[in-house]
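# Residue-level structural notes
For reference, the chains in residue letters:
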Amino acid sequence: MPTNTAVSPRVFTAIQNVHIKELSTCSQKEIRPILPCLVRMSLISPLDITKECAEGRKEILTILSGIELVNSIVALLSIDFHALETDVRKEQQLRQKLGSVQSDSILAQSLQSGLALEFERSDSTRRLRLVLSEILFIASQIQELQRNQEFQIKQSDLFDNAVYMEEISDVICIALAELPALLSILDMAETLLHVKHGPEIICWIVANSPDSFAEVCAHLIANGERQEESALGRIRTQALTMLCQMNPSQALAVRAKCVELCRMPALAITLSLEHENIDNLQPESDMVAFVSGLLLGNDQQVRTWIAMFVRNGQKRKWESHTALQSLREELLRRLKAITSHSSDSQLAESYVVQASALLRLYCALRGIGGIKFQDDEVVMIVQLLTSHPPPSPAGVRFVSLGLCMLIACPSLIGHSNLEKRSIEWVQWLVREEVYFESTSGVSASFGEMLLLMAIHFHSNQLSAICELVCATLGMKIPIRPNNLTRMKQIFTQEIFTEQVVTSHAVKVPVTANLSANIPGFLPVHCIHQLLKSRAFAKHKVPIKNWIYRQICDSVPPLHPVLPALVEVYVNSILVTTNKTSEHTNKPITEDEIRRVFQNSVFGANFDPKKSVLNIADMENDYMDVDTSKPSLTSQLLLLYYLLLYEDVRLSNMHNFISQGKKVKSYSTEFLSELPIKYLLQQVQRDQMSYAGLFSPLLRLLATHFPHLSLVDDWLDEEMINIDSMTANYDNVVINDVAIIEAFGHIETCPSRTGRLLRQLIDMKPTDIWPHAETIIHFFKAILDNKVPRYIQELYKQVWLRLNTVLPRCLWVLSINALIIENTMVRNVFLTQENIVLDPLQVLRCHTRVFRCAPVLSVILRARECSSTNSLRSLLRNRRRSSSAWSNVVPKGNTKCRLFIPSSSFYC
C-alpha cells in the first residue's frame, strides 16, 4: 500500500468526535481513508432531525462534492444487501467444511480470469462478492493452520497488489457496516493479520468505525503471545502500533491492557518509547516509572513476564531484541543528559530524584531481568553513581541507592579506573556523613548503612549484607557471596578497619524517639552487631553511655532490635570469652537508672538523697539525655536490663568466684524501689507495642521474684483493671486533706469514711498511689472494735489496688504502720532489707491484727518470698486451737501463699 494511506491522528480524532468543521479543513488525501464512513453519514437518514444535524450533513456533502471516488462508494451502498446476506451465510457454511477449495465459492462463481483481474473489471456488486469470498476462504485456512500451530502469510492475487488496497478497504468497511449480523470487525481484524498489507487495512476499518478502537485493540492483544517470538507476533505488534499512532491518546490504555493480560511486552515498551518521543519536551515522562513498576510491582506474574522479555531481548531475535535495544538507548540517553548537567561531579538538585529512579531501574534490570550491562552503560552508570548530590533527603536517598548498587552489581567496578573512582566516592561519603545528616535533617542516613556494611564485612556476614542491600533497594535480587570478595577487601582494608569502625560507631548520635515505626537501618543496628562481635571490648571502646542514651530516647512501639541490644550488652559485661580477656563495657549505675524513674509517676518513691547524680556536675555524655518525661519503653528496657543482668550474674557466679573477679550487683533495696509488677502489667495489656519483651520479662520475674508472680494476685489485678477501665471518677477530687478528714470520722460517722473508700476503689491504682502513705497511716484505726466490718473490707479492697502498683513498698509501709508504739524504745523505720533478714519484725504488730481477718490477710501478703518459711514457723508456734486460725497457715507446700478466707473474722 502507498505510504500516504496512513490515517492521521487529526482525521481520526475529528471523525471520532464527529467534528465536521475540523474535517472540512483537511485535504482530500487526509480524508481518503474515512470516505466510506462519510458517504454513509451523508446518505443514510439520521434519527437526529435537528437543525444542527442538518447543517452537519450539508457540510459533509460539501466535503464529498469534489471527490470522484465517492461515486464508487455510493455504488457499493446501492446493491441488494438482502440477497448478498443470504449468499454470505451459505458461503460461511461452505467454508466450515474441511477440504473446501477456493473454486467452490458461492459468492465468486464463474471466474473467467484471475481474481485480481476479475476484481478490476467487475462492477460494485461483483467486487463486494469477490472480496468477501476471498476473506472467508482465508479465514477457513487460518483455522486449519491454527490446529497445526503454523503461521504463514496467505498468498492472494487480490490482497498482494497494493494498487487495490484502497478499494478493498472501502468494500470491507461497507460490508461490515451493512452486514453486522454476519461479519464481525474482531474476526475481520484477526483474519487480515494473515494477508499482505493487513495492518494498514485494519487501521482503515477502525477509522471508519472509531467506536470499535478499544475493542479491536483488546482483542488483538488477548490473542497475542506472552512473548513476541513469531512472525505473527511481529505483524500483530505492527498493527497495534499503527492503531496507536492513529489514536495516540489511547496508546497508554493499550499499553495498560498489555500489562493486564501479560501479553506482548515488546509492544508495551514500544508504545512507551513512542509516547516518550511525543512528549519529549516534558521532563515528567513516565518511561522510567513504567518499566520500574513492571519490575518492582507487587504482581509476581507481571514481574516474571517482563523479566522474560528482558532475557529474550538479549538473544537478538524477534521483536523483543528491537524493543529492548530501543529501551537501553533511551535509558542511556537519559544517563548522559543527567551527567551532562553535573559540573565537577556535583549533581544538580533538580536531577537527584530522576537519577535515583534511574539507578534503581538499572538495579532491577540487572537483578530481576538479568540484563548484562554494556561497556558504555557501565561507564555512564558509575559516572552518575559517584556524583556528589546536594545535602537533602533526596540526596541521602541517592547516596544510599548508589552504595547498594555497587554491591548489587559488582561488574560496575570491574575496571581499575572505575574501581578507583568508586573507592574515592565511598571515602568522600565517610568524610561528609556528619555534614549530610545535619543539613538534610534525615535521622537514618547513609552513615549507618556504611557502618553496618563495614561491620558485616568484618564479621563475614555476607548474607546480612545482601539482605541490607535488598531492603534498601526495595527489591529481592540474587547477590552471590563470591562476587563480594573484592568489595569486602575494599571495605575492610582500605576504608574501614575494625578499630575505625568501633571508634566511629560510638560517636554516631542516637536515634531520637526510636520506635518500631522508624524504618531503615539505624545506629542501633550497628551497635548491636559490634556488640555481638565483641569489637568494643577488643578495642577497649566504652559503649555504656551510648546504650544508656538510646534506651532513654526510646518510645513505643518497641523497636525489635532494642531487647537484643540489651541482651548482647549484658553478655558483653559479664560473660567472658577467650578472645577478650578484659571487658571495658561497664554496667549502668543505680543512679542512672534512678534518674529515669525519679521523673515518672513513681518518682516520689525514690529517695533523692540516695542519688549522687548532680546536674551541675554531670558529665557531657549525659547532657543530651532527656529524662524529664521518660517513656514507658525506656523504663521497661531498664527493668529488662536489671533482671537480665542479675540472671546472667547469678548463672555465672561460680566462674566469678573461681577467677576471683568482682562484679557489680544491684542492691535489694534499690530493686525494691522499682515498679516491677506495674511495668509488667503494662506490657501485658499492650502486647502489640511490646510483643518482644513480655515473654522474657515474665520468665525473669517468675525466676527471681516469685512473690510478685502469684496467680491469685494476678487474677485479682485483672478484675481491678477491668473495674478501673469501666469506672467513672472524672468529677471526684481526692487529696490528702480529704482522706485525713474522712478517716477522722471513722468511729463517729463511718459512712463518710466508706464513701471515700468507695471513691478510691473506683479510681485507677496509679491515681491512688500518690496518697498511699496517707492511707496506710490509718491502718491501726481500722483495727478498732468500733469500726464496722464493711469499712474494713473496703479498706482491704483499696489496699489490694495499691498492691498492684508497688507491692513491696506497700508492704514495708503497712508493716511500719502496724508496729506497736513503745515509748521506752525509739521506733525504727523498717526497710525491705530489715524485713528479709529478720522476719520477726513482722510480728511486732498490734495484737488486734490477729483478730481482724481482712487486715490479717493483707499483712500475710506483705512479706518477702525468702522469709516465708521463717514467718510460717513463728506463726505455727503461736497457733491456736480454733479452726479459723488453722486456715491461716495451710499445710503442704511451704512456698504456697498464705490466705485468710473472708468468712473468718476472729481467731
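Note that this is a predicted model, so its numbers are computed, not measured. (Residues numbered from 1 in each chain as written. Predicted model: local features only at pLDDT ≥ 70, side-chain atom pairs only at ≥ 80, totals over all residues. Heavy atoms only, no water.)

## Overview of the overall build of the protein chain
Let me state the cut-off plainly: Helix and strand assignments follow DSSP, with helices taken as H or I runs no shorter than four residues and strands as E runs no shorter than two, numbered in order from the N terminus. Buried means the residue's accessible area, taken with a 1.4 Å probe over protein chains only, is under 20% of the maximum for its type, while exposed means over 50%, and partly exposed covers the values in between. Contact criterion: two residues are considered in contact whenever any of their non-hydrogen atoms come within 4.5 Å of each other. Per-residue and other accessible areas follow the Shrake-Rupley method at a 1.4 Å probe size, with only the shown protein chains counted as cover for residues.
Looking only at helices and strands, the protein chain has 49 helices and zero strands in total. The 907 residues of the protein chain split such that 53% are buried. Put simply, of all contacts in the protein chain between residues at least 6 apart along the chain, 73% involve residues at least 24 apart. By element, 51% of the accessible surface of the protein chain is carried by carbon and sulfur atoms, the whole surface being about 41500 Å².

## A closer look at the packing of helix α19 (residues 318-340) against helix α21 (residues 375-385)
When two helices pack together, their arrangement is given by the angle between the helix axes and the distance between those axes. Inclusion rule: For helices, the axis comes from a line fit to the C-alpha atoms of the stretch in contact; other axes are also lines fit to C-alpha atoms, and the angle between any two N-to-C directions lies between 0 and 180 degrees. Put simply, a crossing is left-handed when the front helix is turned counterclockwise from the back one by less than a right angle, and right-handed when it is turned clockwise. Classification used: nonpolar for Ala, Val, Leu, Ile, Met, Phe, Trp, Tyr, Cys and Pro, charged for Asp, Glu, Lys and Arg, polar for all others including Gly.
Close contact between α19 and α21 brings their axes to 10 Å; oriented N to C, the two are set at 35°. As for how α19 packs across α21, the hand of that crossing is left-handed. Between α19 and α21, the contacting residues are R328, L332, L335, K336, I338 and T339 on the first element and D376, E377, M380, I381, Q383 and L384 on the second. For the contact of α19 with α21, the class distribution of residues is six nonpolar, two polar and four charged.

## Considering the packing of aromatic side chains
Stated formally: Aromatic pairing here means that ring centres of Phe, Tyr or Trp (its six-membered ring) are within 6.5 Å. Orientation follows from the plane angle: under 30 degrees is stacked, over 60 is edge-to-face, and everything else is tilted. As a reminder, the over-ring test applies to NZ of lysine and CZ of arginine, requiring each to be within 6 Å of the ring centre and within 35 degrees of the ring normal.
Using the criterion set out here, one finds 13 aromatic pairs in the structure. Plain terms: the ring middles of F119 and Y164 are 5.7 Å apart, the flat faces sit at 70° to each other, and that makes the pair edge-to-face. In this pair, F119 is assigned in helix α8 (residues 115-121) and Y164 in the loop between α9 (124-147) and α10 (165-178), connecting sequence segments 45 residues apart. Accessibility classification places F119 together with Y164 in one group, the buried group. Among the aromatic residues, ring-to-ring pairing joins Y569, Y641, Y645, Y666 and F670 into one connected group. The side chain of R127 reaches across the aromatic face of F119, ending 4.9 Å from its centre. The ring centre of Y666 lies 4.9 Å from the NZ or CZ of K664, which sits over that ring.

## Some details on unusual backbone geometry
P557 follows P556 through a cis peptide bond whose omega is -5°. Mapping P557 onto the fold places it in the loop between α30 (544-552) and α31 (561-574). With a phi angle near 55°, M264 is a residue other than glycine that sits in the positive phi range. At N513, a residue that is not glycine, the phi angle is positive and equals roughly 50°. Within the secondary structure layout, N513 lies in the loop between α27 (498-505) and α28 (523-532).

## Describing α27
Since the α-helix advances by 3.6 residues per turn, residues separated by three or four positions end up pointing in the same direction. Note the cut-off: Each C-beta atom gives one direction from the helix axis, and the arc is the one those directions make.
By the burial criterion, the buried members of α27 are V501, T502 and A505. When α27 is viewed along its axis, its buried side chains cluster within an angular range of 90° and face the same direction. On its buried face, α27 sits against α24 (446-458), α28, α29 (535-538) and α30.

## Some points on the pattern of salt bridges
Once the charged atoms of two side chains with opposite charge are near each other, the side chains can pair. To keep it simple, the criterion reads: Just to be clear on terms, a salt bridge is a Lys or Arg side-chain nitrogen sitting within 4 Å of an Asp or Glu carboxyl oxygen.
Counting across every chain of the model gives 23 salt bridges. With a shortest N-O distance of 2.8 Å, E22 and R10 are connected by a salt bridge. Taken as a pair, E22 in helix α2 (residues 20-24) and R10 in helix α1 (residues 9-16) lie far apart in primary sequence, 12 residues in all. A relative accessible area of 26% places E22 in the partly exposed class. The salt bridge involving E793 is made with R789; its shortest N-O contact spans 3.0 Å. In this pair, E793 and R789 are both assigned in helix α44 (residues 789-802), four residues apart and thus about one turn of the helix distant. Exposure remark for E793: the relative accessible area of 21% places this residue in the partly exposed category. A relative accessible area of 27% places R789 in the partly exposed class.

## A look at the nonpolar core
To keep it simple, the criterion reads: Only buried Ala, Val, Leu, Ile, Met, Phe, Trp, Tyr and Cys residues count toward a nonpolar core, and they belong to the same one when joined by side-chain atoms within 4.5 Å.
Residues F159, I172, L192, L243, M405 and Y641 are the most contacted members of the largest nonpolar core, which totals 237 residues. Here this core gets 11 residues from one element, more than from any other, and that element is helix α33 (residues 632-651). Among residues more than four places away in sequence, those in contact with Y641 are V566, Y569, V570, I573, P587, I588, I593 and Y666. If you look at the next biggest cluster of nonpolar residues, it comprises 37 residues, including I761, A772, L783 and Y795.

## A short note on the side chain of T339
Note the threshold: Counted as a polar contact is a pair of N or O atoms within 3.5 Å, where, for protein atoms, one must be capable of donating a hydrogen and the other of accepting one, and residues adjacent in sequence contribute only when both atoms are in side chains.
Inspection of the secondary structure puts T339 in helix α19. Looking at T339, the relative accessible area reads 10%, which means it is buried. In this structure the side chain of T339 is engaged in a polar contact, spanning 3.1 Å, whose partner is the backbone oxygen of K336. Among residues more than four places away in sequence, those in contact with T339 are M380, Q383 and L384.

## So, the confidence of the model for the protein chain
What counts, and what does not: Known as pLDDT, the predictor's confidence for each residue is given on a scale from 0 to 100.
Overall, the predicted model of the protein chain reaches an average pLDDT of 80, with 81% of residues at or above 70. Counting interchain partners and residues more than four positions distant, the pLDDT-below-50 stretch residues 608-623 has 21 contacts. Here residues 863-907 scores under 50 on pLDDT; set against residues more than four positions off or in separate chains, the count is 80 contacts.

## Notes on the state of the cysteines
The line we're drawing: We call a pair of cysteine sulfur atoms a disulfide whenever their separation is within 2.5 Å.
A full pass over the atoms with the stated rule returns zero disulfides. A disulfide-free cysteine, C173 has its sulfur positioned 8.7 Å from the sulfur of C37, the nearest such atom. Taking relative accessible area as the criterion, C173 reaches 8% and is therefore assigned buried. C466 forms no disulfide, and the closest cysteine sulfur to it belongs to C470, at a distance of 6.6 Å.

## Notes on the packing of helix α40 (residues 750-761) against α44
What counts here: Roughly parallel covers angles under 35 degrees, roughly antiparallel covers those over 145, roughly perpendicular covers 65 to 115, and oblique covers all other angles.
Between α40 and α44, the shortest axis-to-axis distance is 9 Å and the interhelical angle comes to 25°. The orientation of α40 with respect to α44, classified from their angle, is roughly parallel. The way α40 lies across α44 gives a crossing that is left-handed. For the pair α40 and α44, contact is made by P750, T753, G754, L757, R758, L760 and I761 and by Y790, I791, L794, Y795, Q797, V798 and R801, respectively. Classifying every residue of the contact of α40 with α44 gives nine nonpolar, three polar and two charged.

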